[in-house]
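Spelled out from the first residue to the last, the chains are:
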Amino acid sequence: MARTKGRNAGWGEETLAVHAGEFVDPVTRASSPNLVMSSTFAPEKLTGFSARDEQGYEGFIYGRVSSPTVKQLEDKLAALEGAESALAFASGVAAAHALICGRLSKGDHIIVPDANYVGIAELTRDTLPRFGIDASFVDLSDLGAVAAAIRPNTRMLWLETPANPTMKLCDIAALAKLAHDRGVRDVAVDSTYATPIATQPLSLGADFVVHSLTKYFCGHGDAMGGAVIGRKTELASLNLEASVHFGGILSPFNAWLIMRGAATLPIRMRAHESAAMKVAAFLDQHPAVSRVFYPGLASHPQHELARRQMKNFSGMMTFQTKRPGPEIAARMVDELEIIHYAVSLGHHRSLIYWIGTDDIQGSTFRHDAAQLKRYRDYAGDGVFRLSVGIESPDDLIADLARVLTLS
Ligand SMILES: *Cc1c(COP(=O)(O)O)cnc(C)c1O
């Protein structure tokens, strides 16, 4: 079977996005990747029955271990992150679960951000302790606080930058160095908001990158997926445990859709960024808006770090309004004509959602009193999370102006 190894050397990111992982089908000469839905494969020679026995065999045997279309997507993801290897999963949360539970054991300790993606925040706070894994929730912009939280049994530092929904950044290079110097084995970065077009965490010293492929990689809001990206040997053992035993693998159909989306990731990210800059500048000067958090604005508290760590400021922002958020959110549901009032992000369509502080502190960000206070100091009664799509920015601005104008 045709392999792409070695073909990627020296290609630019636009070329990688289109061609990495893809090849002309040797049988049909099809130029586009095949969608191979088969769950089982007829081996060319006698192979073992358990996944461990199959390790010496190059081909495919069973879809939970690996399958051709998923493998093509994985090769494209690895190439875009400048990594040796990638493993795809059914969702971003399935990828996070695979990495955390595949790498940590009873008695281990993980450090996670004090505000990050809700599903992962709840997994680490509510589920891991049931299996004897302790989690600490730390403000990652404070290196001293991270250093103080490291224990002899700390095995993983989990970063997310920019973080959902706070838009807080963390300094990957500084944190990876700090953690490794103090004996923390794994530094993992949820890079869903940034994408490799903005930041390549492995080149900054991280060991693993995690993505919700549901967001920018797919880019069109029609397939869920997730990935863990990193070194070949570590991902090979993660495949044996997390894919084979936990089973949260990606459907080939979703892989095929996400691969098509990923081909245009570089040009979409440029379009997202350029529209988001205009929308953020509009919101920043609007009398009904009290605060905008967008890494590309000089007013972002970590704009200097954003400039250093992000080649692209992405399309994500949050903002606060002077009038109560729920009142404006209700108008958005009824009156927005282009932007969808809906969760998720990173799609070609713009999406907006109100994240009320009482709500999210009730469900998610309630680790301790200091954290409750920090989050409320930042978010007030809540924030609007806006994922700027690739529509004409002037139309998005007109849509927002209509619902923000005080009547
Ligand atoms: C959406 C998201 C996830 C979870 O991904 P799913 O595909 O919804 O499971 C994880 N991290 C971040 C930053 C996200 O935005």
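Remember, it's a predicted structure, so these values are computed and weren't measured experimentally.

(A) Expanded view of the overall build of the chain. Helix and strand counts for the chain come out as 15 helices and 12 strands. Its C-alpha atoms give the chain a radius of gyration of 21 Å, within 12% of the compact-globule value 22 Å for 407 residues. Referenced to the eigenvectors of the C-alpha coordinate spread, the extents of the chain come out at roughly 75 × 50 × 35 Å. The burial tally for the chain puts 56% of its 407 residues in the buried class. Considering only intrachain contacts with a sequence separation of at least 6, the fraction spanning at least 24 residues in the chain is 73%. Of the roughly 16,900 Å² that the chain leaves accessible, carbon and sulfur atoms contribute 54%. Across the chain, the mean location of the 40 positive side-chain charges is 3 Å away from that of the 44 negative side-chain charges.

(B) Broad picture of the pattern of salt bridges. In this structure the tally under the stated criterion is 21 salt bridges. Linking glutamate 335 and arginine 331 is a salt bridge whose minimum nitrogen-to-oxygen distance equals 3.2 Å. Here arginine 331 and glutamate 335 lie together in helix α12 (residues 325-335), a separation of 4 residues that amounts to about one turn.

(C) Here's a closer look at the site of the ligand. Not every one of the 15 residues close to the ligand is listed here, only the nearest: Gly92, Asp190, Ser212, Thr214 and Lys215. Between an oxygen atom of the ligand and a side-chain N or O atom of asparagine 164, the distance comes to 3.1 Å. Between the ligand and lysine 215, the relevant distance is 2.8 Å, taken from an oxygen atom to a side-chain nitrogen or oxygen of the residue. For the ligand, whose unbound accessible area comes to 370 Å², protein coverage reaches 94%.

(D) Representation of the sheet that holds strand β4 (residues 154-160) within the structure. Taken together, the 7 strands give an open sheet; going across it, the order is β1-β7-β6-β5-β4-β2-β3, and neighbouring strands pair in mixed fashion. Of all strands in the sheet, those with a lone pairing partner are β1 (85-89) and β3 (134-138), marking the two edges. For this sheet, the mean angle separating the axes of adjacent strands, direction not counted, is 20 degrees. With 3 bridges joining them, strand β2 (residues 109-113) and β4 adopt parallel strand pairing. Paired with isoleucine 110 across the strands is methionine 156, a residue of β4. This element, helix α4 (residues 118-127), spans β2, β3, β4 and β5 (186-190) of the sheet and lies at about 135 degrees to β3.

(E) Geometry of the domain arrangement of the chain. By domain assignment, the chain separates into domain 1 (6-262) and domain 2 (266-404). Of note, the centres of domain 1 and domain 2, computed from C-alpha atoms alone, are 26 Å apart. Counting residues at the interface gives 44 residues for domain 1 and 39 residues for domain 2. Buried area between domain 1 and domain 2, both sides added, is near 3,500 Å², and the carbon and sulfur share of it is 57%. Three residues stand out in domain 1 for area buried against domain 2, namely Met167, Leu169 and Tyr216, and they jointly supply 21% of the buried area on that side. At the junction of domain 1 and domain 2, the tally comes to 4 salt bridges. A salt bridge links arginine 270 to glutamate 14; the shortest N-O distance between them is 3.1 Å. Listed by contribution, the elements that provide at least two residues to the side of domain 1 that touches domain 2 are α1 (13-19), α4, α6 (172-181), α7 (195-198) and α9 (252-262). The element contributing the most residues to the side of domain 1 that touches domain 2 is α4, with 5 residues.

(F) Expanded view of the sheet that holds strand β8 (residues 289-293). Spatial strand order, β8-β9-β12-β11-β10: 5 strands in an open sheet with mixed pairing. Two strands in the sheet have a free side with no partner beyond their single neighbour: β8 and β10 (340-341). Pairing of β10 with strand β11 (residues 351-356), which is carried by 2 bridges, proceeds in the parallel orientation. Looking at the pairing, tyrosine 341 lines up with isoleucine 352 of β11.

(G) Structural detail: a nonpolar patch on the surface. On the surface, Leu35, Met37 and Phe253 cluster together to form a nonpolar patch covering roughly 260 Å² of accessible area. Positionally, leucine 35 belongs in the loop between α1 and α2 (68-80). In this structure leucine 35 comes out as partly exposed when scored by relative accessible area, which is 33%.

(H) Looking closely at the pairing of β4. Of all the 7 residues making up β4, 6 are buried; the element is thus mostly covered by neighbouring parts of the structure. Direction of pairing for β4 relative to β5: parallel, over a ladder of 5 bridges. In the strand pairing of β5, methionine 156 is matched with aspartate 186. Handedness of the β-α-β unit built from β4, α6 and β5 comes out right-handed.

(I) Region of the structure containing unusual backbone geometry. The peptide bond linking threonine 161 to proline 162 adopts the cis configuration, its omega dihedral lying at -15 degrees. Tracing the backbone shows proline 162 in the loop between β4 and α6. In this chain, asparagine 164 is followed by proline 165 through a cis amide linkage whose omega measures 5 degrees. Mapped onto the secondary structure, proline 165 falls in the loop between β4 and α6. Within the chain, methionine 167 stands out as a residue other than glycine whose phi angle is a positive 65 degrees. Positionally, methionine 167 belongs in the loop between β4 and α6. You can call methionine 167 buried: its relative accessible area is 2%.

(J) Up close: the nonpolar core. Ranked by internal contacts, the top residues of the largest apolar core, which has 44 residues, are Leu73, Leu77, Leu213, Phe217, Ile229, Ile258 and Tyr375. The dominant element in this core, judged by the number of residues it contributes, is α2, at 6 residues. Each of domain 1 (6-262) and domain 2 (266-404) contributes no fewer than three residues to this core. If you look at the next biggest cluster of nonpolar residues, it comprises 35 residues, including Ala280, Leu283, Phe313 and Phe319.

Reading the values: the criteria
- Residues numbered from 1 in each chain as written.
- Predicted model: local features only at pLDDT ≥ 70, side-chain atom pairs only at ≥ 80, totals over all residues.
- Heavy atoms only, no water.
- Helix = DSSP H or I, 4+ residues; strand = E, 2+ residues; numbered from the N terminus.
- Rg over C-alpha atoms; globule rule 2.2 N^0.38 Å.
- Buried < 20%, exposed > 50% of the residue type's maximum accessible area, 1.4 Å probe, protein only.
- Contact = heavy atoms within 4.5 Å.
- Areas by Shrake-Rupley, 256 points an atom, 1.4 Å probe, with all protein chains shown as cover.
- Lys, Arg positive; Asp, Glu negative; His and termini not counted.
- Charge placed at Lys NZ, Arg CZ, Asp CG, Glu CD.
- Salt bridge = Lys/Arg side-chain N within 4 Å of Asp/Glu carboxyl O.
- Near = heavy atom within 4 Å.
- Polar contact = N/O pair within 3.5 Å; in protein donor to acceptor, adjacent residues only side chain to side chain.
- Pairing = 2+ DSSP bridges.
- Axes fitted to C-alpha atoms, helices over the stretch in contact; angles between N-to-C directions.
- Domains from an automatic or database assignment.
- Buried area = accessible area lost by both parts, 1.4 Å probe.
- Patch = residues over 30% accessible without salt bridge, like charges linked within 9 Å, V, L, I, M, F, W, Y side chains within 5 Å.
- Right-handed = clockwise from strand over helix to strand, strands pointing away.
- Core = buried A, V, L, I, M, F, W, Y, C linked by side-chain atoms within 4.5 Å.

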